[in-house]
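# Coordinate inspection notes
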Amino acid sequence: MTNDEKMATITRWLNPEERVTVQFLDAQDLNTEVTGCPEQLVDLSIETQVSHIKQHLSIPLSKVELSEDFSHYTRDPERPLQPSRLKLVINEKRSPIIY
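Here's a quick rundown of the structure. (Residues numbered from 1 in each chain as written. Predicted model: local features only at pLDDT ≥ 70, side-chain atom pairs only at ≥ 80, totals over all residues. Heavy atoms only, no water.)

Per the secondary structure count, the protein includes one helix and six strands. Reading the protein from its N terminus to its C terminus gives the helix and strand order α-β-β-β-β-β-β. Projected onto the principal axes, the alpha-carbon positions of the protein cover approximately 35 × 35 × 20 Å. Counting over 99 residues, the protein shows a buried share of 41%. Long-range pairs, those at least 24 residues apart, make up 48% of the contacts in the protein between residues at least 6 apart in sequence. Total accessible area on the protein stands at roughly 6200 Å², and carbon and sulfur atoms take up 51% of it. (Helix = DSSP H or I, 4+ residues; strand = E, 2+ residues; numbered from the N terminus. Buried < 20%, exposed > 50% of the residue type's maximum accessible area, 1.4 Å probe, protein only. Contact = heavy atoms within 4.5 Å. Areas by Shrake-Rupley, 256 points an atom, 1.4 Å probe, with all protein chains shown as cover.)

Structural data, given as structure tokens:
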């Protein structure tokens, strides 16, 4: 999949009411909001153990693989319910969280 195709798919998930799943080598099944997809990056806001603190990361699209997460469904009540959501697989370790 090219970076342009990835950007088109990820852009559909730019919605503060929707979440995607992110999987790193050392952390899996993370709830994440896609906050942007400028040029060759995807901007993520990952939920942490502390409920009011989120980890903000920008990941190059070249390091992201797209998949579907069938264990979660969409949650925006204004849109039709979908039985799965976007899953971003990143084949490297998650950056440390600094509180």
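Okay, the sheet that holds strand S4 (residues 54–60) next. Pairing between sheet strands relies on hydrogen bonds along the backbone, with the strands arranged either parallel or antiparallel. Pairing within the open sheet is mixed, and its six strands lie in the order S4-S3-S2-S1-S6-S5. The open sheet has two edge strands with one neighbour each: S4 and strand S5 (64–69). This sheet shows a mean twist of 40 degrees between the axes of neighbouring strands, independent of strand direction. Pairing of S5 with strand S6 (residues 85–90), which is carried by six bridges, proceeds in the antiparallel orientation. Bridging across to S6, Glu68 finds its partner in Leu86. Across the sheet, helix H1 (residues 3–11) is in contact with strand S2 (30–36), strand S3 (41–47), S5 and S6; its angle to S5 comes to roughly 40 degrees. (Pairing = 2+ DSSP bridges. Axes fitted to C-alpha atoms, helices over the stretch in contact; angles between N-to-C directions.)

Moving on: the nonpolar core. Judged by nonpolar contacts, the single largest core of 20 residues is most densely connected at Ile10, Val22, Phe24, Val42, Leu44, Ile59 and Leu88. Secondary structure elements with two or more residues in this core: H1, strand S1 (20–23), S2, S3, S4 and S6. For Leu88, the residues in contact, after removing those within four places along its chain, are Ile10, Val20, Thr21, Val22, Gln23, Leu44, Val64, Glu65 and Leu66. (Core = buried A, V, L, I, M, F, W, Y, C linked by side-chain atoms within 4.5 Å.)

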